[in-house]
Amino acid sequence: MDFEFGEKEEKLRREIRNFVKEELPPGYFSLVAEEESSDEEWEFAMSIAKKLAKRGWLTMAWPKEYGGQGASIWEQAVYGEEVGYWGIPGTSMGVSGVGWVGPSLILFGGEEQRRKYLPLIASGEPDGVWCTAYSEPNAGSDFANIQTRAVREGDEYIINGQKTWTSAAHRARWCWLAAKTDPDAAKKHRGISLFIMDMKSPGITVRPILGYSGVHIINEEFFDNVRVPASNLVGEENKGWYLLMQSLAFERASFGVGLYGSNRRILDEIIKYAKETQCRGKPLSCNPLVRHKLADRAIEVETLKLISYQTLWKTSQGIVPVYEPSRDKAYGDLVMERLAITGTEILGAYSQVPSPSKWAKLRGCVERLYSFAPAMKILSGTDEIERCVIGQFGLGLPKSY
Amino acid sequence: MDFSFTEEQEMLRTSARDFLGKECPKTKVRELEADERGYHPQTWHKMAELGWMGLVIPSEYGGTGGQFMDLVLLLEEMGRNILPSPFFSTVALCSLPILEFGSKGQKEEFLPKVAKGEIILALALTESSATYEASEIRLRATPKGEEYILEGTKLFVNDANVANYLLVATRTGDRENPEEGITLFLVDATSRGIKVEVIPTTAPDKQCQVNFDKVTVSQQNILGEVNQGWEIVEFILQKATILKCAEIIGASQAVLEMSNSYAKERVQFGRPIGSFQAIQHKLADMLIEVDGAKYLVYEAAWKISQGRPSILEVSMAKAKACEVHQRACLDGIQIHGALGFSQDHDIGLYFRRVKAAEFALGDADFHRERIASELGL
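Residues numbered from 1 in each chain as written. Chains lettered and ligands numbered in written order. Predicted model: local features only at pLDDT ≥ 70, side-chain atom pairs only at ≥ 80, totals over all residues. Heavy atoms only, no water.

This part covers helix 3 (residues 73-86) of chain A. Residues and elements named next belong to chain A. For helix 3, with 14 residues, the first-to-last C-alpha span of 20 Å sits near the 20 Å given by 1.5 Å per residue. With eleven of 14 residues buried, helix 3 is to be regarded as a mostly interior element. Turning to helix 3, its buried residues are W74, E75, A77, V78, Y79, G80, E81, E82, V83, G84 and Y85. Summarising the contacts, the buried residues of helix 3 are in contact with helix 1 (7-23), helix 2 (39-54), helix 6 (240-276) and helix 7 (288-316). Residue G87 follows helix 3 closely and has a positive phi angle near 65 degrees. (Helix = DSSP H or I, 4+ residues; strand = E, 2+ residues; numbered from the N terminus. Expected span 1.5 Å × (residues − 1). Buried < 20%, exposed > 50% of the residue type's maximum accessible area, 1.4 Å probe, protein only. Contact = heavy atoms within 4.5 Å.)

Okay, the packing of helix 4 (residues 68-80) of chain B against helix 8 (residues 277-305) of chain B next. All names here are of chain B. Contact geometry for helix 4 and helix 8: axes closest at 9 Å, N-to-C directions at 150 degrees. The chirality of how helix 4 crosses helix 8 is right-handed. Seen from helix 4, the contacting residues are F68, M69, V72 and E76; seen from helix 8, they are Y298, A301, W302, I304 and S305. When the residues that make up the contact of helix 4 with helix 8 are grouped by side-chain class, the tally is seven nonpolar, one polar and one charged. (Axes fitted to C-alpha atoms, helices over the stretch in contact; angles between N-to-C directions. Left-handed = near helix turned anticlockwise from the far one by under 90°. Nonpolar A, V, L, I, M, F, W, Y, C, P; charged D, E, K, R; others polar.)

What follows is about the interface of chain B and chain A. Facing the 42 residues of chain B at the interface are 43 residues of chain A. Buried area between chain B and chain A, both sides added, is near 4,200 Å², and the carbon and sulfur share of it is 67%. When the buried surface of chain B facing chain A is broken down by residue, M1(B), F3(B) and L377(B) rank first, second and third, together holding 21% of it. At the boundary of chain B with chain A, the tally comes to six salt bridges. With a shortest N-O distance of 2.7 Å, R308(B) and E4(A) are connected by a salt bridge. Put simply, chain B and chain A have 22 residue pairs in polar contact (both at pLDDT 80 or more) between them. Among the elements of the structure, helix 7 (229-265), helix 8, helix 9 (311-336) and helix 13 (364-374) of chain B are those that each provide at least two residues to the side of chain B that touches chain A. Element by element, the count of residues in the side of chain B that touches chain A is highest for helix 8 of chain B, at 16 residues. By residue class, the composition of the side of chain B that touches chain A is 21 nonpolar, ten polar and eleven charged. (Buried area = accessible area lost by both parts, 1.4 Å probe. Salt bridge = Lys/Arg side-chain N within 4 Å of Asp/Glu carboxyl O. Polar contact = N/O pair within 3.5 Å; in protein donor to acceptor, adjacent residues only side chain to side chain.)

Turning our eyes to something else, we now look at unusual backbone geometry. With an omega of 5 degrees, the peptide bond running from S355(A) to P356(A) counts as cis. Along the polypeptide, P356(A) turns up in the loop between helix 8 (324-347) and helix 9 (365-376). Backbone geometry at F156(B) places phi at a positive 55 degrees, although glycine is not the residue there. When you line up the elements, F156(B) lands in strand 3 (residues 147-158). For L361(B), which is not glycine, the phi torsion reads 60 degrees and is therefore positive. Looking at where L361(B) falls in the secondary structure, it is placed in the loop between helix 12 (354-359) and helix 13. For L361(B), a relative accessible area of 2% gives the class buried.

Before going further, it helps to examine the packing of aromatic side chains. Tallied over the full model, the rule gives 26 aromatic pairs over all chains. Considering the side-chain rings of F19(A) and W57(A), the 5.5 Å spacing of their centres and the 70 degrees angle between planes classify their relative orientation as edge-to-face. With a gap of 38 residues between them, F19(A) in helix 1 and W57(A) in the loop between helix 2 and helix 3 connect regions that are remote in the sequence. W57(A) shares its class with F19(A); the two are buried. Among the aromatic residues, ring-to-ring pairing joins F3(A), W313(A), F3(B), F5(B), Y295(B), Y298(B) and W302(B) into one connected group. Over the ring of W174(A) we find R173(A); its NZ or CZ atom is 4.7 Å from the centre of that ring. The ring of Y350(A) has K361(A) lying over it, and the distance from NZ or CZ to the ring centre is 4.5 Å. (Phe/Tyr/Trp six-rings, centres within 6.5 Å; stacked < 30°, edge-to-face > 60°. Lys NZ or Arg CZ within 6 Å of the ring centre and 35° of its normal.)

Here the focus is the domain arrangement of chain B. Residue and element names in this part refer to chain B. Segmentation of chain B into domains returns domain 1 (7-119), domain 2 (123-228) and domain 3 (231-374). One C-alpha centre belongs to domain 1, the other to domain 2, and the line joining them spans 23 Å. Facing 20 residues of domain 1, the contacting portion of domain 2 comprises 17 residues. It is E33, Q106 and F110 that lose the most area in domain 1 upon contact with domain 2, and together they represent 31% of the buried surface on that side. Between the two partners, domain 1 and domain 2, sit zero salt bridges. Counting across the domain 1 and domain 2 interface gives seven residue pairs in polar contact (both at pLDDT 80 or more). Of all the secondary-structure elements, those providing two or more residues to the side of domain 1 that touches domain 2 are helix 5 (87-101) and helix 6 (104-116). With six residues, the single largest contributor to the side of domain 1 that touches domain 2 is helix 5. (Domains from an automatic or database assignment.)

Under the definition given, this model contains one cavity of 30 Å³ or more. The volume enclosed by the largest cavity comes to roughly 30 Å³. For the lining of the largest cavity, the class distribution of residues is four nonpolar, two polar and three charged. (1 Å grid on protein atoms, 1.4 Å probe; cavity = no way out; pocket = protein on both sides within 12 Å on 5 of 7 lines; lining within 4 Å. Points joined across faces, edges and corners; volume = space filled by probe spheres on them.)

The structure is reproduced here in structure tokens:
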């Protein structure tokens, strides 16, 4: 057992902190999945992505020939933690590229696909930005129920259908698309294929879906005879399901250390606030209820860190984690929700005020966290689906749906 | 970063699991609940022969000089099997502080006997408040020549009914800071004036009331320095607490496995109940939480094994482990339905021990307060 990073990792941590000081405005702090919402924030995020790419950090764990640094899992973990803690924007290249499209292509993409798409993501340029289109109006948790069709015609597939809840589709150059290639398959998950789609293709309409607080992160897309080259099929036709499950595991695992980092930051900010804020002539931090809640949140944040590390450790041993990414995602959601609630309780009425109002506290980070927490429990697989994965693959229980 | 135990440690775990499974089946656990001593001397001696009592005692004092993490996983296995024995009292609560703070003479006197399984030790710390606050240590030790006279009552002292010696926390000074003025004594349990009475408890285990009626103890028997005893209590509150946590997570893992097996076997409405999400998601939650508690405990134990300050991590581990284990037992019984309430089923054995583990060395609230202080609140 060893719960410490090596000198190499700690050196990287110092370098990233210097980068934060040099490149981000003082006190800057962005939350997960919010950079897509305004043009100004997006532009800033992309400018940072380019700088991260230049330093070789953006896709550090990828092999060198595809634009990575061949960094270890633990260097990547430190990077993810710091990214979360300092809220460094631009690190995911439109949520999909860095987190799961890249790792999936490395694992099961064709060589030509790797050579074309991986360096684009690694470059930090707008042409390396991806979105992921899985959900449809009638296929949410029941993912295999997708109806979007891909029909082979010569060297192309013709795509028709509708996707929804797609993060960053309005920013993306490429789409990681799940479509039905055999509607008559005996089992519906056996007729699904995975495609790379150019978002500039004729026939694609992207419409914004605004979140309840007015932010534009997600979209719906309509595909009207969109032509995709057959060479953009990932893996084999009709065998996309297993690739998609692996990609989802990458996606869920990609939250772990970053979520730890951002939750830890917000916890630190709230602790500082509780120490500096007076209530009935005493700091809030003297109130036993406040102390008790913050102690619990600290335990949860630490637990999130450790289970995320454990998943990474398993991967570092060459073992593919099966239920762990779902465990970490489900637990991370719970940590975030509880921290958001505690944050609002401690900041009181001020927790309702977003930045840049003069009444916003902690740059509005609690307001944003509280707004976003419910979405976190749904995206990338609802908490209920994660528990089904844990039950089936972690505990060997029968399928429950 | 490494989340694995060494090969030797895995072997120790396997052999401990085998031994405890054979030597202490649940029928034995049930029998011992009615036993006056509360443990089985034959098993105790076999454990000593396996080198368990001397696991972390250096070879010069008759032990095998193993690592702290070895002890962590051994206690995890004991917790998994709910072994009724004075092992925790003797080894975790008393021999570790003797090893750390004892004089050469004290180490030579006690440690080889502990390693051989010849003596049982018990920690007499808490009193009527039943808390781990320094201010609540009131049992008075008054100097008289070369000796001290002990007067007062200790409560919830585990295994005092079978102990040969008691490690007693006493009040020897009254300064403004209650942590000053505490002195620890190693007291022969057969001394005149000591009266031990077992308190009936849920478990049922052997938590005792120990009366000290003008008990005479030589100043030779002071562990550490006069008035400096709180440092030793603090040491116990970290090292022994994490060992208690190891016991707890071992038990939680057992409850999880037991409940999961039952959910696969038990058929209702023509299907195993584990195929219903109401049951499956409870078990998924249990797995998430037990995994989380386990790694919190390992992290804190590892820090201790490195000799680093670890109040924050230990308290996080204890608060978490207590809560997770209680939840696991309550949900586990729920999954078992009425069978879970029955005396015939093992899960009740675990449930009845939840509170003893929780209140040993500070409950979740006590540790939350320590966490808050460590966070600078």
